[in-house]
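Chain residues, written in single-letter form:
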Amino acid sequence: DARLRERAGLADEVRRLVRSGHERMGREVVLHYQPQVDLTSGRVVGVEALVRWQHPTRGLLPPLVFLPLVEELGLMQLLTGHVLRRAAAEAATWSHDGVPLRISVNVSASCLGHPDLLPLVDEVLTGSGLAPGRLVLEVTETTLMADPDLALAVTHALTHRGVQLSIDDYGTGYSSLAYLTDLPATELKLDRAFTVRVLGEPRTAEIVEATVALAHRLGLRVVAEGVEDEETRAVLHGLDVDESQGYLHARPLPPADLVRWLTTVPCPGRPGRPALVVGS
Ligand code: C2E
Ligand code: MG
Ligand code: MG
Ligand code: MG
């Protein structure tokens, strides 16, 4: 009973938050950014935007606490609009300051199928000046399977604009290889479930190696999620994985911390040496 009341209370708060307009959303819906590192050059080439709710009394809430409620309330498209605008604006600033990073944004099934998505992406690209090729939309296999024909049409329209498409959490859903060949994806994100097993399990390593080879033949780059230690990073590099993302490099960071962190690592635009302080 108490749990149900708690959930209903949070749902009410989510509803008010998402409908509150830009000012409050801008204050409370924040993005943390997690770096993606090229395994060959060691450079940071992109970041994934991960949403958090800076709640006035409950503290910083992770997506899994409030996103299901946002989805249930039919408010995901509104939230995604906010996330996309914010992420593109921040990425455009870094680019302007000499660190042109790719920015990845997660898109749920309800958003991919929503008629407002394409106009939203157009508006965000025009408004921010972000190069379309620097924007990556992450979708999961389940998102794509919900309505394959619609998913194909929308993803083709997106890539026609130059926006990149990533298949998130790859390997956890019901992957159809035939279907993958039709999708205009540019990136495949190996789920953390594979990453954590690749050291101890030879068979998992075999599967990852074969998956990477297939992805490369289809022209996709492969990013491994959830890389937490150096040994795993080295094994993944040996299996020809292109990029690594995980606590080994950095946790998802608030923008100011990311900018500070970027000064300690090589980035594109500043080859071979640490980036200068961005935005200073
Ligand atoms: P995801 O897209 O698969 O994101 C990766 C998750 O793994 C993130 O959790 C990240 O913090 C976590 N992670 C990264 N590196 C490591 C690691 O080395 N070890 C471990 N144990 N975990 C790691 P987070 O931020 O809690 O996000 C959870 C999920 O929420 C995301 O999974 C994504 O599906 C969803 N999400 C986040 N932001 C958004 C958004 O703006 N829109 C939508 N639709 N979904 C979002
Ligand atoms: Mg993701
Ligand atoms: Mg993922
Ligand atoms: Mg995952």
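For the structure, see preceding data.
This one's a predicted model, so the numbers in the text were calculated from it and none came from an experiment.

*Asks:* Teacher, can you tell me more about the overall build of the protein chain here?
*Replies:* What the protein chain contains, in helices and strands, is 13 helices and 11 strands. Computed over its C-alpha atoms, the radius of gyration of the protein chain comes to 19 Å, within 12% of the 19 Å expected for a compact globule of 280 residues. In terms of overall dimensions, the protein chain has C-alpha extents of about 50 × 45 × 40 Å along its principal axes. The burial tally for the protein chain puts 49% of its 280 residues in the buried class. Intrachain contacts of the protein chain at a sequence separation of at least 6 include 68% that bridge at least 24 residues. Element-wise, carbon and sulfur atoms account for 55% of the exposed surface of the protein chain, whose accessible area totals about 13000 Å². Charged side chains of the protein chain number 27 positive and 36 negative; the gap between the two group centres comes to 6 Å.

*Asks:* Please explain empty space enclosed by the protein as it appears in this structure.
*Replies:* If a probe the size of a water molecule is rolled over the atoms, the empty space left behind becomes visible. Counted according to the given criterion, the structure contains 2 cavities of 30 Å³ or more. For the second largest cavity, the calculated volume is near 30 Å³. If you trace the second largest cavity, you find it lined by Tyr170, Leu180, Leu188, Thr211, Leu214, Ala215, Leu218 and Leu220. Ranked by residue count, the leading element in the lining of the second largest cavity is helix α11 (residues 202-217), at 3 residues. When grouped by side-chain class, the residues that make up the lining of the second largest cavity number 7 nonpolar, 1 polar and no charged.

Rules used in this analysis
Residues numbered from 1 in each chain as written. Chains lettered and ligands numbered in written order. Predicted model: local features only at pLDDT ≥ 70, side-chain atom pairs only at ≥ 80, totals over all residues. Heavy atoms only, no water. Helix = DSSP H or I, 4+ residues; strand = E, 2+ residues; numbered from the N terminus. Rg over C-alpha atoms; globule rule 2.2 N^0.38 Å. Buried < 20%, exposed > 50% of the residue type's maximum accessible area, 1.4 Å probe, protein only. Contact = heavy atoms within 4.5 Å. Areas by Shrake-Rupley, 256 points an atom, 1.4 Å probe, with all protein chains shown as cover. Lys, Arg positive; Asp, Glu negative; His and termini not counted. Charge placed at Lys NZ, Arg CZ, Asp CG, Glu CD. 1 Å grid on protein atoms, 1.4 Å probe; cavity = no way out; pocket = protein on both sides within 12 Å on 5 of 7 lines; lining within 4 Å. Points joined across faces, edges and corners; volume = space filled by probe spheres on them. Nonpolar A, V, L, I, M, F, W, Y, C, P; charged D, E, K, R; others polar.

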